[in-house]
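Structural features, examined
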Amino acid sequence: MTAKVIDGKAFAARVRGQVAAHVARLREEQGITPGLAVVLVGEDPASQVYVRNKHASTIEVGMASFEHRLSAETTEAELLALIARLNADPAVHGILVQLPLPKHLNSDLVINSIDPAKDVDGFHISNVGLLGTGQKSMVPCTPLGCLMMLRDHHGSLAGLNAVVVGRSNIVGKPMAQLLLGDSCTVTIAHSRTKDLAAVCRGADILVAAVGRPEMITGDMVKPGATVIDVGINRIERDGKGKLVGDVHYHSAAEVAGAITPVPGGVGPMTIACLLANTLTACCRAKGLPEPEGLTA
Ligand code: GUN
């Protein structure tokens, strides 16, 4: 079998188009412009690229983008004061503090100082608790993007065996909660899991989010399974830099029913879902109906 390739780039373009259409309606009919504030502390080069892309995408869908670039020496008190201002600013509907923060800043404290209703990353403990108890919450962008692609491919996910490899707070754990919410039978596997290959071979849906290049190989995939590769790893091969996922694409694609490539799979969905979450946060703040198909 050769797997169907799930085109995340095209899917993300569709989601951004839906967001843009909804934003245009909000502006015309209600005079409302959703706004996203992104806070970057320090000069981490990868974070700078992410923040630039987030800014460009926000503008492109017709939202307001507020960028706050702070020096690496910013104190916790200064950062908390900025977040308090953004929490109180009615033009700001979503707030994202780019991670990782410099070592002297307590990320948990900073994230939990964001108004949960504006926490478009879904990292605030209130949102984590709401998601875990099946209540309406802000949902982390990468797992939300994965869920959208899975729903699109399968229709209903009810009763399917899902294995999530990786237990991070950003991807693994919320992904498992979302799959459980869609009535999958969910296993979370990780670096200490015994006989990982056998566990993975039980999966109708296999989500790889471990951060280890090409760790999931074709022999670990059940024939016909859907493989979602969250990994983005930079490796050297044949003297050249290359991006690979957590899945060994070629061997897995021979066995899987459907698979996301790297690049062009999950990656583009993350920013699209950040925009979707900002729109959702804005609609909730204004007591307006939420955008259809863009929430969990
Ligand atoms: N750094 C890498 N990924 C993310 C993300 O999804 N959100 C935030 N805030 N920082 C990140």
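Structure shown above.
Okay, so let's go over this structure. (Residues numbered from 1 in each chain as written. Predicted model: local features only at pLDDT ≥ 70, side-chain atom pairs only at ≥ 80, totals over all residues. Heavy atoms only, no water.)

1. What about the side chain of threonine 280?
You can see threonine 280 is positioned in helix α10 (residues 266–286). Given a relative accessible area of 1%, threonine 280 falls into the buried group. Ignoring any residue separated from it by four or fewer positions in sequence, one finds threonine 280 in contact with Glu290, Pro291, Leu294 and Thr295. (Helix = DSSP H or I, 4+ residues; strand = E, 2+ residues; numbered from the N terminus. Buried < 20%, exposed > 50% of the residue type's maximum accessible area, 1.4 Å probe, protein only. Contact = heavy atoms within 4.5 Å.)

2. As for the sheet that holds strand β11 (residues 258–259)
Spatial ordering of the open sheet is given by β1-β11-β8-β7-β5-β6, a layout of six strands whose pairing is parallel. The sheet terminates laterally at β1 (4–5) and β6 (185–189), the two strands that pair on one side only. Along the sheet, helix α6 (residues 141–154) contacts β1, β7 (205–208), β8 (226–229) and β11; its crossing angle with β8, the most-contacted strand, is approximately 160 degrees. (Pairing = 2+ DSSP bridges. Axes fitted to C-alpha atoms, helices over the stretch in contact; angles between N-to-C directions.)

3. Looking at the environment of methionine 269
Note on placement: methionine 269 falls in helix α10. Methionine 269 sits in the buried class, given a relative accessible area of 0%. Through-space distance from the C-alpha of methionine 269 to that of aspartate 121 is 13 Å; in sequence the pair is 148 residues apart. Methionine 269 has contacts with Gly8, Phe11, Ala12, Val15, Gly145, Met148 and Met149, leaving out every residue within four places of it along the chain.

4. Considering the side chain of aspartate 121
Within the fold, aspartate 121 resides in the loop between α4 (107–111) and α5 (125–132). For the buried aspartate 121, which has no salt bridge, the nearest side chain bearing the opposite charge is lysine 54, at an N-O separation of 5.9 Å. (Lys, Arg positive; Asp, Glu negative; His and termini not counted. Salt bridge = Lys/Arg side-chain N within 4 Å of Asp/Glu carboxyl O.)

5. Looking at the site of the ligand
Taken together, Leu96, Val97, Gln98, Leu99, Asp121 and Phe123 make up all the residues around the ligand. In the environment of the ligand, a nitrogen atom lies 3.1 Å from a nitrogen or oxygen atom belonging to the side chain of glutamine 98. Calculation on the ligand without its partners gives an accessible area of 280 Å², and the protein chains cover 79% of this total. (Near = heavy atom within 4 Å. Polar contact = N/O pair within 3.5 Å; in protein donor to acceptor, adjacent residues only side chain to side chain. Areas by Shrake-Rupley, 256 points an atom, 1.4 Å probe, with all protein chains shown as cover.)

6. Looking at helix α3 (residues 76–88)
Counted at 1.5 Å a residue, the expected span for α3 with its 13 residues is 18 Å, and the 18 Å between its end C-alpha atoms agrees. Buried residues along α3 sit against β2 (35–41), β3 (64–70), β4 (94–97) and α4. (Expected span 1.5 Å × (residues − 1).)

7. Brief notes about the packing of aromatic side chains
Tallying each qualifying case throughout the model produces zero aromatic pairs. Note that arginine 14 overlies the ring of phenylalanine 11, its terminal NZ or CZ placed 4.7 Å from the centroid. (Phe/Tyr/Trp six-rings, centres within 6.5 Å; stacked < 30°, edge-to-face > 60°. Lys NZ or Arg CZ within 6 Å of the ring centre and 35° of its normal.)

8. Here we look at the pairing of β2
Looking down a regular strand, the side chains alternate between one sheet face and the other. When you tally the buried positions in β2, you get seven out of seven residues, the bulk of the element. Here β2 shows no split at all, with Gly35, Ala37, Val39 and Val41 on one side and Leu36, Val38 and Leu40 on the other all buried. Here seven bridges tie β2 to β3, and the two strands are oriented parallel to one another. Across the sheet, residue valine 38 finds its bridge partner in β3, namely glutamate 67. With helix α2 (residues 45–60) bridging β2 and its parallel neighbour β3, the resulting β-α-β unit is right-handed. Taken together, the four bridges between β2 and β4 define a ladder with parallel strand orientation. (Right-handed = clockwise from strand over helix to strand, strands pointing away.)

9. Some points on the state of the cysteines
Counted under the stated rule, the structure contains zero disulfides. Free of any disulfide, cysteine 200 has its nearest neighbouring cysteine sulfur in cysteine 184, separated by 15 Å. Cysteine 200 gets classed as buried once you look at its relative accessible area, which sits at 0%. Just so you know, cysteine 283 is unpaired, no disulfide at all, and the nearest cysteine sulfur is the one on cysteine 282, 5.6 Å from it. (Disulfide = S-S within 2.5 Å.)

10. Notes on the environment of isoleucine 216
Mapped onto the elements, isoleucine 216 comes out in the loop between β7 and β8. Beyond its immediate sequence surroundings of up to four residues, isoleucine 216 is in contact with Val165, Cys200, Leu206, Ala208, Val221, Asp246, Val247 and His248.

11. What to know about the packing of α6 against helix α7 (residues 172–181)
Following both chains from N to C, one finds α6 and α7 inclined at 35 degrees, their axes separated by 9 Å at the closest point. By crossing handedness, the relation of α6 to α7 is classed as right-handed. Contacts between α6 and α7 involve Pro143, Leu144, Cys146, Leu147 and Leu150 on the former and, on the latter, Pro174, Met175, Leu178 and Leu179. (Left-handed = near helix turned anticlockwise from the far one by under 90°.)

Without other data, these values stay purely geometric and don't point to any function.
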